[in-house]
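Summary of the model geometry
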Amino acid sequence: MLRLILKKLGLLIPTFIGVTLTSFFFIRLLPGDPILLLAGERGVSPERYNELMIQFGYNDPIWQQYLTYLGNLFQGDLGASIVTKQPVLQEFMTLFPATVELGVCAMLFAVIVGLPAGIIAAVKRGKTLDHTVMTTALAGYSMPIFWWGLLLIILFSGMLGWTPVSGRISFMYWIEPVTGFMLIDTLLSDEPGAFGSAVSHLILPTIVLGTIPLAVIARQTRSAMLEVLDEDYVRTARAKGLSNFRVIGIHALRNALIPVITIIGLQIGVLFAGAILTESIFSWPGVGKWMVDSIFRRDYPVVQGGLLMIAVIVMIVNLIVDLMYGLINPKIRHTE
Amino acid sequence: MADVTQNSAPDTRFELIVNFWRHFRTNRGAVAGLIFFIALVIIALGAWFIAPHSPIEQYRDALLLPPAWQEGGDWSYVLGTDAVGRDLLSRLIYGSQYSLFIGVVVVSVALVVGVCLGLVAGTFGGWIDTFIMRIMDIILAFPSLLLALVLVAILGPSLLNAMIAIAVVQQPYYVRLTRASVMSEMSREYVMAARVSGVRTLRLMFVTVLPNCMAPLIVQAALSFSTAILDAAALGFLGMGAQPPTPEWGTMLAESREFILRAPWVVTFPGLAILTTVLAINLIGDGLRDALDPKLKRS
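What comes next concerns the included structure. Bear in mind the structure is a predicted one, so any value in this text is a computation, not a measurement.

Digging into the interface of chain A and chain B
It is common to report an interface's size as the accessible area lost on association of the parts. Listed as interface residues are 45 residues of chain A and, on the opposing side, 38 residues of chain B. It is A:Phe146, A:Trp147 and A:Leu150 in chain A that bury the most area against chain B; as a group they hold 16% of the surface buried on that side. At the junction of chain A and chain B, the tally comes to one salt bridge. A:Arg219 is paired through a salt bridge with B:Asp286; the nearest N and O atoms lie 3.1 Å apart. Connecting chain A to chain B are five residue pairs in polar contact (both at pLDDT 80 or more). Every element with two or more residues in the side of chain A that touches chain B is listed here: helix H1 (2-29), helix H6 (128-141), helix H7 (145-159), helix H9 (194-229), helix H11 (244-281), helix H12 (287-297) and helix H13 (300-328) of chain A. Partitioned by chemical class, the residues of the side of chain A that touches chain B number 34 nonpolar, eight polar and three charged.

Topic: H1(A)
Residues and elements named next belong to chain A. Helix length check: H1, at 28 residues, gives a terminal C-alpha distance of 40 Å against a target of 40 Å (1.5 Å per residue), a fit within 8%. At Ile13, H1 is deflected by roughly 30 degrees, the largest bend along its length, and proline Pro14 occurs up to four residues later in sequence. Within H1 the residues assigned to the buried category are Leu4, Thr15, Gly18, Val19, Thr20, Ser23, Phe24, Phe26 and Ile27.

Some points on empty space enclosed by the protein
All names here are of chain A. Across all of its chains, the model carries one cavity of 30 Å³ or more by this definition. By volume, the largest cavity is sized at about 40 Å³. Around the largest cavity, the lining residues are Pro164, Val165, Ser166, Gly167, Ser200, His201, Leu204, Pro205 and Phe282. Residue composition of the lining of the largest cavity, grouped by class: five nonpolar, four polar and no charged.

The rules we used
- Residues numbered from 1 in each chain as written.
- Chains lettered and ligands numbered in written order.
- Predicted model: local features only at pLDDT ≥ 70, side-chain atom pairs only at ≥ 80, totals over all residues.
- Heavy atoms only, no water.
- Contact = heavy atoms within 4.5 Å.
- Buried area = accessible area lost by both parts, 1.4 Å probe.
- Salt bridge = Lys/Arg side-chain N within 4 Å of Asp/Glu carboxyl O.
- Polar contact = N/O pair within 3.5 Å; in protein donor to acceptor, adjacent residues only side chain to side chain.
- Helix = DSSP H or I, 4+ residues; strand = E, 2+ residues; numbered from the N terminus.
- Nonpolar A, V, L, I, M, F, W, Y, C, P; charged D, E, K, R; others polar.
- Expected span 1.5 Å × (residues − 1).
- Bend = angle between axes of the 7 residues up to and from the residue.
- Buried < 20%, exposed > 50% of the residue type's maximum accessible area, 1.4 Å probe, protein only.
- 1 Å grid on protein atoms, 1.4 Å probe; cavity = no way out; pocket = protein on both sides within 12 Å on 5 of 7 lines; lining within 4 Å.
- Points joined across faces, edges and corners; volume = space filled by probe spheres on them.

What follows is the structure, encoded as C-alpha cells:
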C-alpha cells in the first residue's frame, strides 16, 4: 500500500510543477505591464515603479523569478491581495470553510437522493418509473445551474417567501467564527434561532450545487446496478431464496458502489466549477465568489493564488479517491 | 458489425449507416432530441425570416411587458419584452444562432486539435506521449469553468475568447480518448499488415487507424457540444462571455438578473432555451453511444 501511495505521489509531481507554472505565468501573460497591473488604477511614479520592479524581482531572469515564486510557495507565501492587502493564503483559509460546507451539503444531498433513484430505476428497468427517473436525471445533468438557482429564488424566496435570497445567515446574528462552518458555529453559540437561519440559507444553494452531481450519481448507480444484477452471484443469492431487499440492498449494491464511489470523488472538480456559479448567485461568501470577484476587480495576486490552491486541492482529493478505489476494490488492491 | 467488414468498401459504409440508424431509431428520446435539434438549426438559419422583431430594437413604449397570455400582455410580443423594451422571442430566436455557433466552433477546434495530439501521443509513445499527456493532466487539474474564466481574463472578455477558452478546457478529453483507442488499435493485425507493406506513418495514423477510433469520438463530440453551450452561457452569465447587447442566452440571463422578482419571464425563457437545447443534444449523445457502442448500452 505504501509503495502504491508513493508511486501515485510521484506521478503527481509533474502535474504539480505544471500547475505552479500555470499560476506563475498567469500574471505574466496578462496584457500589460505587471507592475502597472498590480498598482491598479492609481498608477505609480517612475521611482516607485523601479523600486517595485526590484522588489518583485521582475528584472531577474525568468527562471530565477519562478524559483523565487516556488520558494515563497513552500513557505506559504502566495502574495497579498491588492484590494484588501491581506495575504492571499489567509483570505483563502477564511473563505474556504464556507465553500466546503456548501460542497459537503450538496454532495450529501446528491448521494441521498441520487443513489436510491438510481437503484429504483435499475430495479424497475424498462418500466415507466425507470424512464421518469432517467429523463429527470438527464434534465438535471443538462441544467444550466445559474438559471436553476434564479428559478428557485423566484419560486421559494419571491413567491412563497420561504427561504432567504442570499448570504450564509441573517444579519440579525453575529456568530463567532470558531470552525468557520456556520452550521457548527451556530450550534456552539447560544443565539436562539441562529442554527435555523443558517439552515434556511443553505437549502437553495445546496439544491442548486447538488443537482448535477445528483444526476451523474443516479445515472451511474443505475448502470452499475444493471451490470451487477446480471451477475451469477446475484442469481445464486436469489436462488438461495434471499429476500429481494437483501439481494439488491446487500449483494448487488455493495459491488455496484465501487464505480459509483469513484464518480462521487471525481465530482470534486465539478463541484468547484459549480461553486463559482452557485456562490455568485446566492452571494455565498466562499472561494468561488471570491475568485469571480477578484477577476472583476483585477485583483490578480488573488486569482493567481486561488487558482493554485484550488488546483492543488483537486489534485489531492483525486489522489485520495484513487487510493480509496484501490482499498475498496480487491481486484486492484491485489494486482498492485 | 464484424461480418459487415468483409463486404466491399462502399457497401460497408452504407450498411454501417443503415445499421446505426436501425439502432438509433429505437431510442425514442434520442429521436425526439434529434427532431428538436433539427428544428433549432432551421430556426437559427432562418432567424431573419422567423423573428417578428429585431433582436436589438428597443421599443420604449413596451418595457417589461409580460408574455401575451398573461394580463397586460401583447400578442405582438409573444413572450414579452425585457427591461429596455426588446422583444424576448426575437432575442431567443437570434440567440439560437450563437449557441449553435459556439457548439460547432468549440467542438471542431477541440476535436481537430485533440485528435491530432492524441494520434501523435498514441502512435509515437515515448517522451512525446509523456509530454502531451502531462500537459493534459495539468489542464484537468483545474476545474473547467475556473480555468476558462482565467483564460478569458487573460484574453479579454468576448464571445471569441470564451470559445477559445472552452475549447482549451475540453481538449484533454479528446486527446485521452484518441490516444487510448489508437493504442489499442496499434496492436491489431491490420495495422501490422499496413506497416509491413510500407505505409508511411502519417497515412497510417490518419487513414488506417483513425477511422477505427471514431465511435467514442463521435459520442464525445455530442456530449461536449452541449457542455460548450452550457459553459459559454455560464461565462456569458458571469459577464465574461458574449457582451451585451448580443442576444446570447447566458448574457440575456445576466442582464435580467435584477428583474427576477418583478418580471420572472425575462429570466425564465432564456434559461428554458438553454435547458431544452442542452437536453436535446444530450439525448442525441446518449442515443449515439448506445447505437455506436453496444458494449456501453445501458438498457
